[in-house]
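Spelled out from the first residue to the last, the chains are:
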Amino acid sequence: MPNFFTDNPDLLFHFDHLELEEVVALIEHDYEQAAVFSDAPTDYQDALHNYREVLTLAGQIAGDFIAPRAAQVDLEGNRLEDDRVIYATGIREALDRLGQAELMGVTLPRRYGGLNFPTTIYIMAIEMISRADASLMNIYGLQDIAETINRFGNDAQREQFLPQFASGACTGAMVLTEPDAGSDLQAVKLQAYEDAQGGWRLRGVKRFITNGCGDILLVLARSEPGSKDGRGLSLFVCSSDETVKVRRLEHKLGIHGSPTCELQFNDTPAQLVGKRKFGLIKYVMDLMNGARLGVAAQALGIAQAAYEEALRYARARRQFGQVIANLPVVANMLIDMRVLLESNRSLLYAVAQWVDRRDKYTEHAARLRERGEPSAEASERAKQATQVAALLTPLVKYVLSEAANKITYDALQIHGGAGYMREFAIERLTRDARVTNIYEGTSQLQIVAAAGPVMKDLLAAHFAAAEAKDYKGHLMGLADKLKEIRRLFLDSREAVVGKGDKAFEEVAARELVDLYGYLFVGYLLLEQAQLDGRKVFIAKRYIVSALAEARKRAELVTGDNFADVIHADKILV
Ligand SMILES: Cc1cc2nc3c(=O)[nH]c(=O)nc-3n(C[C@H](O)[C@H](O)[C@H](O)COP(=O)(O)OP(=O)(O)OC[C@H]3O[C@@H](n4cnc5c(N)ncnc54)[C@H](O)[C@@H]3O)c2cc1C
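Being a predicted model, the structure only gives us computed values, none of them experimental. (Residues numbered from 1 in each chain as written. Predicted model: local features only at pLDDT ≥ 70, side-chain atom pairs only at ≥ 80, totals over all residues. Heavy atoms only, no water.)

**Q** Could you give an account of unusual backbone geometry, naming the residues involved and the relevant values?
**A** The backbone of Asn211 sits at a positive phi, close to 55 degrees, despite the residue not being glycine. Position of Asn211 among the secondary structure elements: in the loop between strand E5 (200-210) and strand E6 (216-222). Even without being glycine, Asp267 reaches a positive phi, approximately 55 degrees. (Helix = DSSP H or I, 4+ residues; strand = E, 2+ residues; numbered from the N terminus.)

**Q** Describe the pattern of salt bridges, listing the residues and the values that go with them.
**A** For side chains bearing opposite charge, pairing can occur when the charged atoms are close. As enumerated under the stated definition, the model contains 47 salt bridges in all. Salt-bridge contacts for Arg247 lead to Glu262; the nearest nitrogen and oxygen are separated by 2.9 Å. In this pair, Arg247 is assigned in strand E8 (residues 244-249) and Glu262 in strand E9 (residues 260-273), connecting sequence segments 15 residues apart. Judged by relative accessible area, which is 38%, Arg247 ranks as partly exposed. Residues participating in the shared-partner salt-bridge network are Asp10, Glu127, Arg338, Glu342, Arg345, Arg534 and Lys535. (Salt bridge = Lys/Arg side-chain N within 4 Å of Asp/Glu carboxyl O. Buried < 20%, exposed > 50% of the residue type's maximum accessible area, 1.4 Å probe, protein only.)

**Q** Requested: an account of the site of the ligand, with residues and values cited.
**A** Taken together, 19 residues sit near the ligand, with Thr177, Ser183, Phe208, Thr210 and Thr442 positioned nearest. Contact distances for the ligand include 2.9 Å between an oxygen atom and a backbone N or O atom of Leu176. Thr210 places a side-chain nitrogen or oxygen 2.7 Å from a nitrogen atom of the ligand. Look at the ligand: alone it shows 970 Å² of surface, and the protein chains cover 65% of it. Looking at the shell around the ligand, the elements with two or more residues in it are E5 and helix H13 (443-455). The element contributing the most residues to the shell around the ligand is E5, with three residues. (Near = heavy atom within 4 Å. Polar contact = N/O pair within 3.5 Å; in protein donor to acceptor, adjacent residues only side chain to side chain. Areas by Shrake-Rupley, 256 points an atom, 1.4 Å probe, with all protein chains shown as cover.)

**Q** Any chance you could break down helix H9 (residues 279-316) for me, citing the residues and the numbers?
**A** Taking 1.5 Å as the rise per residue, H9 with 38 residues should run 56 Å; its terminal C-alpha atoms sit 53 Å apart, in good agreement. Met285 marks the point of greatest bend in H9, at about 30 degrees. Of all 38 residues making up H9, 29 are buried, and the element is well covered by its neighbours. (Expected span 1.5 Å × (residues − 1). Bend = angle between axes of the 7 residues up to and from the residue.)

**Q** Summarise the state of the cysteines; cite the residues concerned and give the values.
**A** Taken as a whole and assessed by the stated rule, the structure comprises zero disulfides. Not part of a disulfide, Cys238 finds its nearest cysteine sulfur in Cys170, a span of 12 Å. With no disulfide of its own, Cys261 lies closest to Cys213 among cysteine sulfurs, the gap being 4.6 Å. For Cys261, a relative accessible area of 0% puts it in the buried group. (Disulfide = S-S within 2.5 Å.)

**Q** Go over the packing of H9 against helix H12 (residues 425-433) with me, naming the residues and quoting the values.
**A** Axis separation between H9 and H12 bottoms out at 10 Å; the angle between their running directions is 155 degrees. As summarised for this structure, H9 and H12 are arranged roughly antiparallel, according to the angle between their axes. Classified by chirality, the crossing of H12 by H9 is left-handed. Counting all contacts with H9, which are made through Ile302, Ala305, Ala306 and Glu309, the residues of H12 involved are Ala425, Ile426, Leu429, Asp432 and Ala433. Class assignment of the residues belonging to the contact of H9 with H12 gives a composition of seven nonpolar, no polar and two charged. (Axes fitted to C-alpha atoms, helices over the stretch in contact; angles between N-to-C directions. Parallel < 35°, antiparallel > 145°, perpendicular 65-115°, else oblique. Left-handed = near helix turned anticlockwise from the far one by under 90°. Contact = heavy atoms within 4.5 Å. Nonpolar A, V, L, I, M, F, W, Y, C, P; charged D, E, K, R; others polar.)

All we've got here are geometric facts, nothing functional implied.
Here it is in structure tokens:
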């Protein structure tokens, strides 16, 4: 019986090295919840035990139930019949199965029927579900909507919507994009207006909406007539009814089990979430950051599946009198994939834990303020964690989604001609990976989001502390290489600042963000190499390749390679 939790030693490694003791104590209000809820843990070890049990169950459902249906889901896709979307059979069955297993509402509070788990554990579940079927994850991952209602909605909205998400009785959609508002959501036009009774109504069109046929929709709309930018937008929640029409289902390259809808709102009754005019600048940014972490986990799940397919194929396929896994070139490709996979997982779970810290420190500081207790220190920690999460979230989405494309590409290559055929899962995985660096903001937009804190060298103190550490044996040489990457980063940043040219800075941002990513991940792997001998291989190959890449990136920036962008009109004939 395949179990995507217990069969994955690297995922177990990260589970075994979680550093969530403080976060869990905050989530559980110092374990006082145990007196109220029978399923609440009594201490950290008890909480970890619960998380392990739930992840083992999720891993079993992913491996045993969802994965075997994925190929058929891809073939069958969804249908639009009489304005209703009919899910592929395997998607419907999987959603029911996850609901029955009480695996919905993972991060929601217990009083609404949720599991009250940290985001990190939810992200582990997302990784496994995506490995089984990336398209199902799109619907499962839309639980983020419930999280936004929980955070910014009022009590009545929480009571109305959250139990439905937690029980699996409903699904949702995140309704932002319009034909003329994609990366630039400030251009959203869909109109929100108040009717004669003072209730809100929505009118207009949205496109590319994942699970737009869902029961509960979070909609970004223009509530301030005459406004042109993000400050005129508010967030609304509505139940799907006869006023919401699915006008078409997109025919897509991949994730066929995930319905992508064009929606028309015909004076749909809706409720305002939070405060007017804060829709984009606060609530959607928060929603999208949660979803970006989910897409990073989705990308990793797809990459894991692709790696498994490539390894299995390479160990079975014989050419030149031997299995191709024994050919040094193929073995080398597989090792590159494995290193990328493990480095990506290290980044993902480091970021997920920062997101948990941000959320729980912020809630804790707010609780102290409400109780009139001293909160300055807690607020400062919340602020720091917020800044770190704001840098690392776009970074992880960018790095992991690009890596998923690279890993699926190489995994298909290892299959040779067979990989191009529909009979092999790698063909589907390659198509599914392609969207991960497009939705929830393209890679280019993730770089824009990460570039500000990178230019400010937000993690300077973190890197200085890492450089000051004493590494033993082989690891000393690797630590020196990371110091060189740090120098290359600082030189490149100086070159960009010195130039004082906005266009140059925008183009060079990719190289600077990449350099920062190499450093952050390099130090994570160096730490892990101290805990586990096998990880030394991973750290070594990652850091040696990262240094080679870093030299190239720095050369591109300091060597003035991008100056020709201003002549684009002449070059692009
Ligand atoms: C399968 C699928 C599911 C989706 N699901 C949802 C959903 O559930 N809800 C939802 O609201 N939306 C959804 N989307 C929409 C998705 O988020 C957008 O497609 C995405 O944000 C890009 O917007 P766009 O397609 O309009 O591209 P554009 O914004 O037109 O971008 C085109 C190109 O220009 C680049 N570009 C644009 N601006 C900049 C910039 N400032 N700097 C550098 N480069 C830039 C982009 O990187 C891209 O390469 C989905 C899309 C797809 C494909």
